[in-house]
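Descriptive structure summary
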Amino acid sequence: MRSIDELTTPAVMLDRVRMENNIRSMQTACDSAGVKLWPHIKTHKMVEVARRQLAAGAAGLTCAKLGEAEAMLPSGVKRLFIAHSLVDVRIAPRLAALADQLEELRVAATSVTQTEALVKVAAAAARPLKVMLAVDTGLGREGVRYADYAKRIAALVKASPYLTLAGIYTHEGQLYAAEPATQQARVDEVLDRLATVRDGVDPKLPLWPGCSVTAKLMAATGRVQVVRPGAYMFGDLSLAVTTKVMKRDDVAVHVLATVIDRPEPGLALIDAGSKVFSSDKTAQGVFAIDAEGRDIQVLRVNEEHGYLRGTDVDLLEVGDRLRFIPAHICPVINLTDHVTVIENDTVVDCWRVDARGRVD
Ligand SMILES: Cc1ncc(COP(=O)(O)O)c(C=O)c1O
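As the structure is a prediction and not an experimental result, all values here were calculated from the model. (Residues numbered from 1 in each chain as written. Predicted model: local features only at pLDDT ≥ 70, side-chain atom pairs only at ≥ 80, totals over all residues. Heavy atoms only, no water.)

Structural notes on the overall build of the chain
For the chain, the count of helices and strands is 11 helices and 18 strands. Compactness check: the chain gives a C-alpha radius of gyration of 21 Å against a globular reference of 21 Å for 360 residues, within 12% of the reference. In terms of principal-axis extent, the alpha carbons of the chain reach across some 65 × 40 × 35 Å. Counting all 360 residues of the chain, 54% fall into the buried class. Sequence-distant contacts, at least 24 apart, represent 68% of the contacts inside the chain between residues at least 6 apart. Here the chain displays about 15,100 Å² of accessible surface, and carbon together with sulfur accounts for 49% of that area. Of note, the chain has its 44 positive side-chain charges centred 7 Å away from the centre of its 45 negative side-chain charges. (Helix = DSSP H or I, 4+ residues; strand = E, 2+ residues; numbered from the N terminus. Rg over C-alpha atoms; globule rule 2.2 N^0.38 Å. Buried < 20%, exposed > 50% of the residue type's maximum accessible area, 1.4 Å probe, protein only. Contact = heavy atoms within 4.5 Å. Areas by Shrake-Rupley, 256 points an atom, 1.4 Å probe, with all protein chains shown as cover. Lys, Arg positive; Asp, Glu negative; His and termini not counted. Charge placed at Lys NZ, Arg CZ, Asp CG, Glu CD.)

So, in structure tokens, the structure goes:
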């Protein structure tokens, strides 16, 4: 067993116990509300994490891309939802091969023109596919806004021998910017919009909303059948500080970095920049904060440098090692080949990021 003191930096460290607690907490919230959990794997991209989500009781997995879905097969997953607008008939052989290894494959219908293309993809794949109708509930991305338009998509799906309309979904990512005190009201608004479209198409269709900010609130309403949070088992600044849906001490992934220079008073440089933290920052311009709670923030990044500012920066010396909570965890994982799994301060394993770069 190695201590984390022996790691070279930068290192992306995953606290196994915290992650398992976060997985259990979401699963328990879903189980006690009678709601199914289909976690989105775009955050972790790791078979080892998917296995633990499924073992805890997840009913299926959600992916953004076909490549992610393929990479998750060794987890033993049997039900998958590709929540993305598939349009290219060239993917048909891969879609067919994927479907052959699953009990259930769900795909997204996001507009009339995309569904027309999806019908052709499904015909070329020649496999039965369940279709989830996307509704835009305020993010301004894909999905229908009105029931009449949704009916046109439903008619296209019905006319295909391979497609069956099986549910309504939305990604309410705009709630990341909602004031914590207004989250419940915003959740109710999202559900009203979702239900209005659903009732215009088929009132029996299940509702599948639920990101990491909203999933527990959504499940508790009793109005939804499935939730699909992604980042909840790791956490980041968006979840622990901006939206406050988890505690800072429950964040399971930290970036370990070393102070490599002190060019001027009030400034320290670390060996982790945009190739570790990505270019994603909070609305306040913060790429990462010190995980120990000192006033130390990464306020600027170059590829291999992070610029530390804050009232506690002058306490730092070259060679000091710090743990950081990144602003947005998804790209941090996608930028690393493996994560170092730790328990307390001991290294217990090293997991490959299996779907790293699988944007295909
Ligand atoms: C379609 C879809 N579903 C679910 C999620 C999961 O969201 P989060 O990582 O905020 O939990 C996302 C995130 O981008 C998404 O795009």
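Here the narrative resumes.
Concerning the packing of helix α1 (residues 16-33) against helix α2 (residues 47-56)
Viewed as axis vectors pointing N to C, α1 and α2 meet at an angle of 40 degrees, and their least axial separation amounts to 10 Å. The pairing of α1 with α2 is recorded here as oblique in orientation. By crossing handedness, the relation of α1 to α2 is classed as right-handed. On the side of α1, the interface is formed by Met19, Glu20, Ile23 and Gln27, while α2 contributes Val49, Arg52, Gln53 and Ala56. (Axes fitted to C-alpha atoms, helices over the stretch in contact; angles between N-to-C directions. Parallel < 35°, antiparallel > 145°, perpendicular 65-115°, else oblique. Left-handed = near helix turned anticlockwise from the far one by under 90°.)

Quick look at the sheet that holds strand β9 (residues 207-208)
In spatial order, the strands read β4-β5-β6-β7-β8-β9; together these six strands make up an open sheet with parallel pairing. Both outer strands of the open sheet, β4 (61-63) and β9, are each paired with one neighbouring strand and no more. Taken together, the four bridges between strand β5 (residues 79-82) and strand β6 (residues 104-109) define a ladder with parallel strand orientation. The residue of β6 that forms the bridge with Leu80 is Leu105. (Pairing = 2+ DSSP bridges.)

Some remarks on the packing of helix α4 (residues 92-100) against helix α5 (residues 112-125)
One can describe the packing of α4 onto α5 by two numbers: an axis separation of 8 Å at closest approach and a directional angle of 65 degrees. You can see that α4 and α5 cross each other, and the crossing is right-handed. Along its contact with α4, which presents Ala92, Leu95 and Ala96, the element α5 presents Val121, Ala124 and Ala125. Class assignment of the residues belonging to the contact of α4 with α5 gives a composition of six nonpolar, no polar and no charged. (Nonpolar A, V, L, I, M, F, W, Y, C, P; charged D, E, K, R; others polar.)

Details of the domain arrangement of the chain
Along its sequence, the chain is carved into domain 1 (2-11 + 246-352) and domain 2 (17-233). Relative to domain 2, the C-alpha centre of domain 1 lies at a distance of 32 Å. Contacts between the two partners involve 15 residues from domain 1, matched on the other side by 15 residues from domain 2. For the domain 1 and domain 2 pair, buried surface summed over both sides reaches about 1,100 Å², with 66% attributable to carbon and sulfur atoms. Run the count over domain 1 and domain 2 and you get zero salt bridges. Taken together, the links from domain 1 to domain 2 amount to three residue pairs in polar contact (both at pLDDT 80 or more). Elements with a contribution of two residues or more to the side of domain 1 that touches domain 2: α11 (329-334), β17 (338-343) and β18 (346-352). Per-element tally for the side of domain 1 that touches domain 2: the top contributor is α11, with four residues. (Domains from an automatic or database assignment. Buried area = accessible area lost by both parts, 1.4 Å probe. Salt bridge = Lys/Arg side-chain N within 4 Å of Asp/Glu carboxyl O. Polar contact = N/O pair within 3.5 Å; in protein donor to acceptor, adjacent residues only side chain to side chain.)

Considering the site of the ligand
Close contacts around the ligand come from His40, Lys42, Ala83, Arg141, His171, Tyr176, Cys211, Ser212, Arg228, Pro229, Gly230 and Ala231, and that covers them all. At 2.6 Å, a side-chain N or O of Ser212 approaches an oxygen atom of the ligand. Considered on its own, the ligand offers 400 Å² of accessible surface; in the complex 92% of this is hidden by protein. Because more than half of its atoms lie within 2 Å of the grid, the ligand is assigned to the largest pocket. (Near = heavy atom within 4 Å. 1 Å grid on protein atoms, 1.4 Å probe; cavity = no way out; pocket = protein on both sides within 12 Å on 5 of 7 lines; lining within 4 Å. Sits in = over half its atoms within 2 Å of the grid points.)

Details of the pairing of strand β14 (residues 297-301)
Here strand β13 (residues 288-290) runs beside β14; their pairing, made up of two bridges, is antiparallel. Across the sheet, Ile289 pairs through a bridge with Gln297, a residue of β14. Across four bridges, the pairing between β14 and strand β15 (residues 306-309) is antiparallel. Looking at the pairing, Arg300 lines up with Tyr307 of β15. Connecting β14 to the next strand, β15, in antiparallel fashion are four residues.

Brief notes about the nonpolar core
By size, the foremost hydrophobic cluster in this structure holds 109 residues, and its most contacted members are Phe234, Leu308 and Phe324. Sorting elements by how many residues they give to this core places helix α7 (residues 183-201) first, with six residues. Mapped onto the domain boundaries, this core takes at least three residues apiece from domain 1 (2-11 + 246-352) and domain 2 (17-233). By size, the runner-up hydrophobic cluster in this structure holds 10 residues, among which are Trp38, Met132, Trp208 and Val226. (Core = buried A, V, L, I, M, F, W, Y, C linked by side-chain atoms within 4.5 Å.)

Comments concerning the packing of aromatic side chains
Here the structure, examined in full by the defined rule, presents four aromatic pairs. Consider the rings of Phe81 and Tyr169, whose centres lie 5.0 Å apart with planes at 85 degrees: the pair is edge-to-face. Of this pair, Phe81 sits in strand β5 while Tyr169 sits in strand β8 (residues 163-169); the two residues are 88 residues apart in sequence, bridging distant segments of the chain. Residue classification places Phe81 among the buried positions, given a relative accessible area of 0%. The class of Tyr169 is buried, set by a relative accessible area of 2%. Ring geometry for Phe277 and Phe324: centres 6.1 Å apart, planes at 80 degrees, overall edge-to-face. One end of the pair, Phe277, is in helix α10 (residues 274-277); the other, Phe324, is in strand β16 (residues 321-326), and 47 residues separate them in sequence. Considered together, Phe277 and Phe324 belong to a single accessibility category, that of buried residues. Taken together, the ring pairs in this structure connect Trp38, Phe81, Tyr169 and Trp208 into an aromatic cluster. (Phe/Tyr/Trp six-rings, centres within 6.5 Å; stacked < 30°, edge-to-face > 60°.)

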